[in-house]
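Listed here are the chains, written in short residue letters.
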Amino acid sequence: MKHLLKLLDWSKEEILETLDLADKLKAEKKAGIKHPLLEGKTLGMIFQKSSTRTRVSFEVGMYDLGGTPLFLSSKDLQIGRGEPVQDTARVLSRFLDGIMIRTFDQQEVEDLAEYGSIPIINGLTDFCHPCQVLADLQTIREYKGTLEGRKLCYIGDGNNMANSLIVGCLKVGMKVAIACPKGYEPDDSVVAWAKENGDLLITEDILEACKGADVLYTDVWASMGQESEAAKRQRIFKNYQINDEAVNAANENVMVLHCLPAHRGEEITDKVLEEHADQIFDEAENRLHAQKAVLVKCFLD
Ligand code: CP
Ligand code: NVA
């Protein structure tokens, strides 16, 4: 068994094996070939934040793999009333075969893994969103054929998505440019890691970041948990948008991706989103295939 707590913990080989498996599971599903690799297994899915894609992809993914998912809202769990994560981990390890958790603090995910005895999968924390980035890499490879040497430009907040994109892209040999306002850079630990491990540019200059990009990526200006800062962030981020100017500054045939949900007119224009809807909704679909690959790797490796 293995955990997926953050992409920093996974090797390039583990990431590429997961993408290959995701492609295989996708092709089998399209061909109507069943793959009950996790028959009889149960996955607990703990959500301390809202979700559409992560919840549905893991839930459908478990059924596709012959297993059973349990949706566990933290509102209804004792963890939501203060039961320590150390105890929750040990109890749930006696009932379940794996846990997927979406929460605020990365430490909570790390603690679940430390105290539990079953695979733990990070379904988003304030620090990172590894499952999303595996689906993103699968989508980029589908459209561009290769990952090595490609450049991804992320425009917006240096948040959980930016942190995970930097790590995931650099690990597979891509280059990354982040355009963000001063004070909203990605996590210091990720930037320090990137300095030793690849080609990362961080700049306030959006057009400089877009230059030579094969992929443009953005995410909301205010993440879950930052709702009270939304108005302030609208002012600070107002120029950090994927629009025609950004697309024109990038390579010809640039892909545009967005983890979704999107706020049209904020981080991306409605026009650019609709012009790249095939890519963005293929990316959303790939959450299913990539998450199934993650489940198989974490349960069976
Ligand atoms: N991209 C993503 O994780 O979407 P949800 O918040 O809907 O799960
Ligand atoms: N940065 C966003 C990503 C949502 C998938 C958030 O954390 O809300």
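The coordinates are above.
The sections below set out a description of the structure shown in this document.

What counts, and at which threshold
Residues numbered from 1 in each chain as written. Chains lettered and ligands numbered in written order. Predicted model: local features only at pLDDT ≥ 70, side-chain atom pairs only at ≥ 80, totals over all residues. Heavy atoms only, no water. Near = heavy atom within 4 Å. Polar contact = N/O pair within 3.5 Å; in protein donor to acceptor, adjacent residues only side chain to side chain. Areas by Shrake-Rupley, 256 points an atom, 1.4 Å probe, with all protein chains shown as cover. 1 Å grid on protein atoms, 1.4 Å probe; cavity = no way out; pocket = protein on both sides within 12 Å on 5 of 7 lines; lining within 4 Å. Sits in = over half its atoms within 2 Å of the grid points. Nonpolar A, V, L, I, M, F, W, Y, C, P; charged D, E, K, R; others polar. Points joined across faces, edges and corners; volume = space filled by probe spheres on them. Helix = DSSP H or I, 4+ residues; strand = E, 2+ residues; numbered from the N terminus. Buried < 20%, exposed > 50% of the residue type's maximum accessible area, 1.4 Å probe, protein only. Pairing = 2+ DSSP bridges. Axes fitted to C-alpha atoms, helices over the stretch in contact; angles between N-to-C directions.

**Quick notes on the site of ligand 1**
Turning to step 1, where the next piece is worked out: Around ligand 1, the neighbouring residues are S51, T52, R53, T54, R102, H129, Q132, C259, L260 and R287.
Turning to step 2, where the next piece is worked out: Between ligand 1 and the protein, one listed contact pairs an oxygen atom with a backbone N or O atom of T52 at 2.6 Å.
Turning to step 3, where the next piece is worked out: The separation between an oxygen atom of ligand 1 and a polar side-chain atom of T54 is 2.7 Å.
Turning to step 4, where the next piece is worked out: For ligand 1, whose free accessible area comes to 250 Å², the fraction covered by protein is 95%.
Turning to step 5, where the next piece is worked out: Of the pockets mapped on this structure, ligand 1 occupies the largest pocket.
Turning to step 6, where the next piece is worked out: The class makeup of the residues in the shell around ligand 1 is two nonpolar, five polar and three charged.

**Examining the layout of surface pockets**
Turning to step 1, where the next piece is worked out: Roughly 350 Å³ of volume is contained in the largest pocket.
Turning to step 2, where the next piece is worked out: Around the largest pocket sit 22 residues that line it, and R102, L124, M224, L260 and P261 are the ones nearest its centre.
Turning to step 3, where the next piece is worked out: Of all the elements in the fold, those that place two or more residues in the lining of the largest pocket are helix 2 (53-64) and helix 6 (160-171).
Turning to step 4, where the next piece is worked out: By residue class, the composition of the lining of the largest pocket is eight nonpolar, nine polar and five charged.
Turning to step 5, where the next piece is worked out: Space inside the second largest pocket adds up to approximately 250 Å³.
Turning to step 6, where the next piece is worked out: When the residues that make up the lining of the second largest pocket are grouped by side-chain class, the tally is five nonpolar, nine polar and six charged.

**Structural notes on unusual backbone geometry**
Turning to step 1, where the next piece is worked out: P261 follows L260 through a cis peptide bond whose omega is 5°.
Turning to step 2, where the next piece is worked out: As for its placement among the helices and strands, P261 is situated in the loop between strand 9 (255-258) and helix 11 (270-275).
Turning to step 3, where the next piece is worked out: With phi around 60°, N253 is a residue other than glycine that occupies positive phi space.
Turning to step 4, where the next piece is worked out: When you line up the elements, N253 lands in the loop between helix 10 (244-249) and strand 9.
Turning to step 5, where the next piece is worked out: On the accessibility criterion, N253 (63% relative accessible area) is exposed.

**Describing empty space enclosed by the protein**
Turning to step 1, where the next piece is worked out: A full pass over the atoms with the stated rule returns one cavity of 30 Å³ or more.
Turning to step 2, where the next piece is worked out: Around the largest cavity, the lining residues are K6, L7, L8, F127, C128, N163, S164, V167 and V190.
Turning to step 3, where the next piece is worked out: Residue composition of the lining of the largest cavity, grouped by class: six nonpolar, two polar and one charged.

**Things to note about the sheet that holds strand 1 (residues 42-47)**
Adjacent strands of a sheet form backbone hydrogen bonds with each other and so pair up, either parallel or antiparallel.
Turning to step 1, where the next piece is worked out: The strand order across the open sheet built from four strands is 2-1-3-4, with neighbouring strands paired in parallel fashion. Looking along the sheet, the strands with just one partner apiece sit at the ends: strand 2 (68-73) and strand 4 (120-122). On average, each strand axis in the sheet is tilted by 20° relative to the strand beside it, whichever way the strands run.
Turning to step 2, where the next piece is worked out: Note that strand 1 and strand 2 share six bridges and pair parallel. For M45, the partnering residue across the bridge sits in strand 2 and is F71.

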